[in-house]
Amino acid sequence: MRDVAIIGIGETKIGELWNQSLRELGIHAGLGAIRDAGVTGEEIEKMYIGNMSAGRLINQEHIAPMIADYAGLDDVPAVRIESGGASGGMALAQGYMAVASGIHDVVVVGGAEKMTDVGDEEAKKILSSTADWEWESTFGATFDSLYAMMARYHMRKHGTTKEQLGMVSVKNHSNGALNPNAQFQRAFPLKVVLGAPPVAEPLGMFDCAPLSDGAAACVLVSEDIAESYNGEPVRILGLGMGGDHMAVHDRRDIDAMKATRHAARNAYDMAGLEPKDIDFAEVHDNYTISEIMAIEDLGFFSKGDGGPATERGDTSLNSKISINTSGGLKAKGQPVGAVGINQAVEAVIQLREDAGDRQVEDPLYGLTHNVGGTGASAVVHILERWS
Amino acid sequence: MNIPRLWREIRQRYQGIGVECEPCGRVYFPPREVCPHCRRGSIGNLNEYELGGKGKVVTYTQVHEPMEDYKMMVPYIMVIVEMDEDVRMTGQLVDVEYEDVEPGMEVEVTIRRLGEESPSGIIYYGYKFRPTR
Ligand SMILES: [Zn+2]
């Protein structure tokens, strides 16, 4: 196996992009990454595109060749990767393995989702189908409600408070205010966050990430040729994946995500690092409780300390560990199947020290954490500054 | 939900039929083909098992933003229940005020209307939970 570098990144602004189709979003992100890397179309050997549910959201399956075709890359074999909310991260993992194995030298990985062509309730239903449709959703369990029940359990077991959940949202919105590609570029005080209408108690509107349109892409190459292109490289140092029961009710300790824990352990082992070595992380904060569980399960804080750590400000920009400098899913937005690639894009921006006002000071290692469904799949990548 | 799928699941939905793993004694609902603990050793050794229908609330929420089919029920309570057989199920909790729900609360299965697939579609029924009487 050989080392792999990301040498180019591209992403669209995230939001309710009513005037752009999935095709256009994918092309803009992909061409952005290709331009940033300085590779030519002829050099690209494969594309992997993360996408949750284009079939139901825009009535189009087989979207990977469609995006490749309209990007002028109709010769390139292109494959869609689906793992619910972790589709993007899993696409990155596939690209990594294709290059690390020596099968390909230059690969484009992307993620794209168009959530807003259907109505809110339909979008909610489609997202809920990444939980166990037959044995959770059919009985009335929305995606929100499953995370709400995890939140309630965590609060009761560890004393996590609604205010601490709210502080995750406040922090991520304040980071998002510094990100020009974020859906919400505005900070909100805790009082506003806590006063928002309930969605699934104890979670309110500000505890839930929006459902967004957007796309992102990265160009991956083998390490030996990484410096022969324009784009400043970033090394992928570790990769780990994890799995768990599909339904929340089939898991025992629902204050933690086993899939995240396994993915993290594998990624740390591969990178030869420990949680304390990580300077910043993009974690899957589709709900505020998700970030609290993630920072515990990734080993940054002990189980139960996620809420207090957030309250202490340990996860704020340039504190103990900077969590979700991009604004996370909460403020940067949630184009579901693109999220994992959006996270990698942020990690590259940070490691290149191109993040402007939200720059982490002198970062060496960044981690990205992407979750599918309510935690039945998870993928973690660890990225390293090139030199 | 289409008709074949409804029929396929009807015994589970109405009667709470799960399976018991012969080697380890664990009960699963809905039925599984393979016990995640015994794996190969469980194949062919999972026998039908009818749940008693009683259990305790593990965690709960009240839903205010529903999916389309559940609009008429809002707000409604969802629970994860640990059944006496040590298997957990997700369902709605009815016949109780949200303020009175708490973990550990004793509940039992009751068959109620779950929803309808579309305005012209079939009405389907299934289990919900209510406080044990
Ligand atoms: Zn067994």
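Scoring rules and cut-offs
- Residues numbered from 1 in each chain as written.
- Chains lettered and ligands numbered in written order.
- Predicted model: local features only at pLDDT ≥ 70, side-chain atom pairs only at ≥ 80, totals over all residues.
- Heavy atoms only, no water.
- Helix = DSSP H or I, 4+ residues; strand = E, 2+ residues; numbered from the N terminus.
- Rg over C-alpha atoms; globule rule 2.2 N^0.38 Å.
- Buried < 20%, exposed > 50% of the residue type's maximum accessible area, 1.4 Å probe, protein only.
- Areas by Shrake-Rupley, 256 points an atom, 1.4 Å probe, with all protein chains shown as cover.
- Lys, Arg positive; Asp, Glu negative; His and termini not counted.
- Charge placed at Lys NZ, Arg CZ, Asp CG, Glu CD.
- Pairing = 2+ DSSP bridges.
- Contact = heavy atoms within 4.5 Å.
- Axes fitted to C-alpha atoms, helices over the stretch in contact; angles between N-to-C directions.
- 1 Å grid on protein atoms, 1.4 Å probe; cavity = no way out; pocket = protein on both sides within 12 Å on 5 of 7 lines; lining within 4 Å.
- Points joined across faces, edges and corners; volume = space filled by probe spheres on them.
- Nonpolar A, V, L, I, M, F, W, Y, C, P; charged D, E, K, R; others polar.
- Donors = N, O, S within 2.8 Å, 3.2 Å for Na, K, Ca; no water.
- Tetrahedral: all angles 85-135°; square planar, octahedral: opposite > 155°, others 65-115°.
- Buried area = accessible area lost by both parts, 1.4 Å probe.
- Salt bridge = Lys/Arg side-chain N within 4 Å of Asp/Glu carboxyl O.
- Polar contact = N/O pair within 3.5 Å; in protein donor to acceptor, adjacent residues only side chain to side chain.

## Here we look at the overall build of chain A
Looking only at helices and strands, chain A features 13 helices and 12 strands. For 387 residues, the compact-globule estimate of 2.2 N^0.38 gives 21 Å, and the C-alpha radius of gyration of chain A, at 19 Å, lies within 12% of that figure. Its C-alpha atoms put chain A at 55 × 45 × 35 Å along the principal axes. Expressed as a percentage of the 387 residues in chain A, the buried residues total 67%. Accessible surface, chain A: about 12,600 Å² in total, of which carbon and sulfur atoms supply 48%. The average position of the 32 basic charges and that of the 54 acidic charges among the side chains of chain A differ by 6 Å.

## Examining the sheet that holds strand S9 (residues 280-282) of chain A
All names here are of chain A. With respect to topology, 10 strands assemble into an open sheet ordered S3-S2-S4-S7-S1-S8-S12-S11-S9-S10, the strand pairing being mixed. Unpaired on one side and paired on the other, strand S3 (78-81) and strand S10 (322-323) mark the two borders of the sheet. Relative to strand S12 (residues 377-385), strand S11 (residues 365-372) is paired through eight bridges, and the arrangement is antiparallel. Of the residues in S12, the one forming a bridge with Val371 is Ala378. Against the sheet, helix H1 (residues 22-37) contacts strand S1 (4-11), strand S4 (106-114) and strand S7 (213-222), and its axis sits at roughly 35° relative to S7.

## What to know about the environment of Phe129 of chain B
Residues and elements named next belong to chain B. Its place among the elements puts Phe129 in strand S8 (residues 123-131). A relative accessible area of 0% places Phe129 in the buried class. Spatially, the C-alpha atom of Phe129 lies 13 Å from that of Arg13, the residues being 116 residues apart in sequence.

## Brief notes about the sheet that holds strand S2 (residues 27-28) of chain B
Taken in spatial order, the three strands make up an open sheet running S2-S1-S3 (chain B), and their pairing is antiparallel. Looking along the sheet, the strands with just one partner apiece sit at the ends: S2 and strand S3 (46-50) of chain B.

## So, the environment of Val96 of chain B
Residues and elements named next belong to chain B. In this fold, Val96 is placed in the loop between strand S6 (88-93) and strand S7 (106-116). In this structure Val96 comes out as partly exposed when scored by relative accessible area, which is 21%. Taking C-alpha positions, Val96 is 7.2 Å from Pro131, a pair spaced 35 residues apart along the chain. In contact with Val96, other than residues within four places in its own chain, are Ile77, Val101, Met105 and Pro131.

## Some remarks on empty space enclosed by the protein
Residues and elements named next belong to chain A. By the definition in use, this model includes four cavities of 30 Å³ or more. In this structure, the largest cavity encloses a volume near 100 Å³. If you go around the largest cavity, you meet 18 residues; those closest to its centre are Gly26, Gly30, Met47, Ile49 and Ile67. At the level of elements, H1, strand S2 (46-50), S4 and S7 are the ones that each hand at least two residues to the lining of the largest cavity. A breakdown of the residues in the lining of the largest cavity according to their chemical character gives 14 nonpolar, four polar and no charged.

## Re the coordination of the zinc ion
All names here are of chain B. The coordination sphere of the zinc ion contains the protein donors Cys21 (SG), Cys24 (SG), Cys35 (SG) and Cys38 (SG), at a distance range of 2.3 to 2.4 Å. Angles of 105 to 113° at the metal separate the four donor atoms of the zinc ion, which places the site in the tetrahedral class. In the primary structure, the donors to the zinc ion are separated according to the pattern C-x2-C-x10-C-x2-C.

## Some remarks on the interface of chain B and chain A
When the parts of a complex come together, some accessible area is lost, and that lost area is often taken as the interface size. Between chain B and chain A, the contact holds 41 residues from the first and 32 residues from the second. Between chain B and chain A, a total of about 3,300 Å² is buried, with carbon and sulfur atoms accounting for 54% of that surface. In this assembly, chain B and chain A are joined by six salt bridges. One salt bridge in this structure joins Arg32 of chain B and Asp250 of chain A, with 3.1 Å as the shortest N-O distance. Viewed at the interface, chain A and chain B are joined by 20 residue pairs in polar contact (both at pLDDT 80 or more). Taken together, the elements giving at least two residues each to the side of chain B that touches chain A come down to helix H1 (3-15), strand S4 (54-63), strand S5 (76-83), S6 and S8 of chain B. Tallying contributions element by element places S4 of chain B first for the side of chain B that touches chain A, with six residues. Of the residues belonging to the side of chain B that touches chain A, the class tally is 21 nonpolar, eight polar and 12 charged.

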